[in-house]
Amino acid sequence: MSRWLVLGGTQFLSREVAAAAVARGHEVVCAARGRSGPVPEGARLVRVDRDDEDGLAPLRGERFDAVVDTAIISYRWVREALAEFADTAGHWTFVSTMNVYSDLSRRGGGVDDPLLEPRYADPEGPEDFGAYGSIKVASEKAVVETVGDRALVVRPGLVCGPGDPYDRFGYWPARFSRGGRALVPDAPDQPCQLIDVRDLAEWIVLSGERGLTGTFDASGPRTTLGSVLEGIADAVGASDLERVPVSPDRLFEAGVMPWQGPHSLPLWLPESHHGVVDRDTAPALEAGLSVRPLAETAEATLAYEKEAGLDRERQAGLTSVEETELLERIDTAVP
Ligand SMILES: NC(=O)c1ccc[n+]([C@@H]2O[C@H](COP(=O)([O-])OP(=O)(O)OC[C@H]3O[C@@H](n4cnc5c(N)ncnc54)[C@H](OP(=O)(O)O)[C@@H]3O)[C@@H](O)[C@H]2O)c1
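Residues numbered from 1 in each chain as written. Predicted model: local features only at pLDDT ≥ 70, side-chain atom pairs only at ≥ 80, totals over all residues. Heavy atoms only, no water.

Under an unreviewed UniProt entry, the name given to the chain is Epimerase, and the source organism is Nocardiopsis alba.

Set out below in structure tokens:
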């Protein structure tokens, strides 16, 4: 048993990491405000606010065998955590992103691809989210420069599975389970790559235990949007489900957004971003990242979707009214 610090622990990935570490017999301290949800059973929450000046003071002087930092978009948070714990931490995992690469259209690349220029200033507000990749580059750099001999930098692709606050992958199991005519992007050959949050969390914990170091693109094997949607439909689709493919041009004309957000079709991406879902993840898979079958992810995500409420206002996808209107428009359009 060793002592783990999970910065976060109340939501999605960091919560799964804390749960996996508890399940593997470690003592786990989660450091968060406690606003996003409870920490997993068996973990201890220490309330901190990383936006505050000296926000990690409640943990001052504590020593950890392993630290996991999932700081989403703050170089300052990353630097302050390093200043507080780097000297004594046995192993350090920083969760970054595949958005660090400067050319997101380049397919099949690996971790040595060129990166964005680092940005050290934190975002000015939610509208400044474009800074995400470059702040992660600066954050990775700080981690490697400070604890490079003990650091694992994980660059995940799309993280999916139960508890996803972004509602992306979950749109499809939820939609297909409802059945009837479901609008899908007519892009079956588009690359697609996913990682179940539980698989990623388990690997992060195993890697911390083994002292794995280096930088990895962390996602499942390369596949296509067509086979992912097919796999979800097979696993959880209603018997009367009919998938209605609509060309990307028509979707764009109708104002449907790719990937995420309101009025979108999640997982669908324009070519300019195909590199984000087509990376060489063989090194992570060889280093022990184990990926469960898609059907298991679809089933667990649907269970979570039902618990969260299938009719809730979603962060991503089309509402049923929007989808019906689009299908009617397409049915009546002159070919
Ligand atoms: N989701 C994806 O598809 C995806 C893809 C690529 C990379 N990633 C990366 O994966 C990582 C995990 O992302 P996630 O969305 O699952 O989030 P997460 O890091 O697991 O959850 C956010 C955590 O931060 C805590 N937090 C927020 N504001 C805080 C504050 N001011 N002080 C202290 N703690 C605070 C939250 O707790 P409280 O609210 O309780 O304080 C929560 O526990 C991120 O680094 C992200 O960039 C995600």
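What about the site of the ligand?
Around the ligand lies a shell of 31 residues, among which T10, S14, R33, S36 and T70 are the nearest. Between the ligand and Q11 there is a distance of 3.0 Å, counted from an oxygen atom to a backbone nitrogen or oxygen. Here an oxygen atom of the ligand sits 2.8 Å away from a polar atom, N or O, in the side chain of R168. Among the secondary structure elements, those contributing two or more residues to the shell around the ligand are α1 (12–23), α3 (132–147) and β7 (158–160). The element that contributes the greatest number of residues to the shell around the ligand is α1, accounting for three residues. Of the residues in the shell around the ligand, the class split is 13 nonpolar, eleven polar and seven charged. (Near = heavy atom within 4 Å. Polar contact = N/O pair within 3.5 Å; in protein donor to acceptor, adjacent residues only side chain to side chain. Helix = DSSP H or I, 4+ residues; strand = E, 2+ residues; numbered from the N terminus. Nonpolar A, V, L, I, M, F, W, Y, C, P; charged D, E, K, R; others polar.)

Observations regarding the packing of α1 against helix α5 (residues 197–210)
Where α1 contacts α5, the two axes come as close as 8 Å, and the packing angle between them is 55°. What the angle tells us is that α1 and α5 run oblique. Two packed elements cross with a definite hand, and for α1 against α5 that hand is right-handed. In contact with F12, L13, E16, V17, A20 and A21 of α1, α5 contributes V197, R198, L200, A201, E202, I204 and V205. The residue makeup of the contact of α1 with α5, split by class, is ten nonpolar, no polar and three charged. (Axes fitted to C-alpha atoms, helices over the stretch in contact; angles between N-to-C directions. Parallel < 35°, antiparallel > 145°, perpendicular 65-115°, else oblique. Left-handed = near helix turned anticlockwise from the far one by under 90°. Contact = heavy atoms within 4.5 Å.)

Side note on unusual backbone geometry
We note that D54 has phi near 55°; this positive angle belongs to a residue other than glycine. Tracing the sequence through the fold places D54 in the loop between β3 (44–47) and β4 (66–69). The residue H263 is not glycine, and still its phi comes out positive at about 55°. Secondary-structure assignment places H263 in the loop between β14 (257–259) and β15 (264–266). For H263, a relative accessible area of 22% corresponds to the partly exposed category. (Buried < 20%, exposed > 50% of the residue type's maximum accessible area, 1.4 Å probe, protein only.)

A closer look at the pattern of salt bridges
Per the stated rule, a full pass over the model turns up 26 salt bridges. One salt-bridge network, held together by shared partners, links D196, R198, D199, R292 and E296. (Salt bridge = Lys/Arg side-chain N within 4 Å of Asp/Glu carboxyl O.)

What about the UniProt feature "domain: NAD-dependent epimerase/dehydratase" (unreviewed entry) in the chain?
Those places that UniProt annotates as "domain: NAD-dependent epimerase/dehydratase" (unreviewed entry) correspond, in this numbering, to residues 4–209. Taken end to end, residues 4–209 is 29% helix and 20% strand, and its first and last C-alpha atoms sit 10 Å apart. (UniProt positions renumbered as here; feature names shortened; annotations may be inferred.)

Notes on the side chain of D217
Within the secondary structure, D217 is located in strand β11 (residues 214–218). Its relative accessible area of 3% is what places D217 among the buried residues. Among the polar contacts listed, one links the side chain of D217 to the side chain of Y101, at a separation of 2.7 Å. Of note is the side chain of D217, whose polar atom sits 2.8 Å from the side chain of R279.

Observations concerning a nonpolar patch on the surface
A surface patch of nonpolar side chains, amounting to about 280 Å² of accessible area, comprises I72, F129 and Y166. Topologically, Y166 is positioned in the loop between β7 and α4 (171–178). Owing to a relative accessible area of 37%, Y166 belongs among the partly exposed residues under this scheme. (Patch = residues over 30% accessible without salt bridge, like charges linked within 9 Å, V, L, I, M, F, W, Y side chains within 5 Å. Areas by Shrake-Rupley, 256 points an atom, 1.4 Å probe, with all protein chains shown as cover.)

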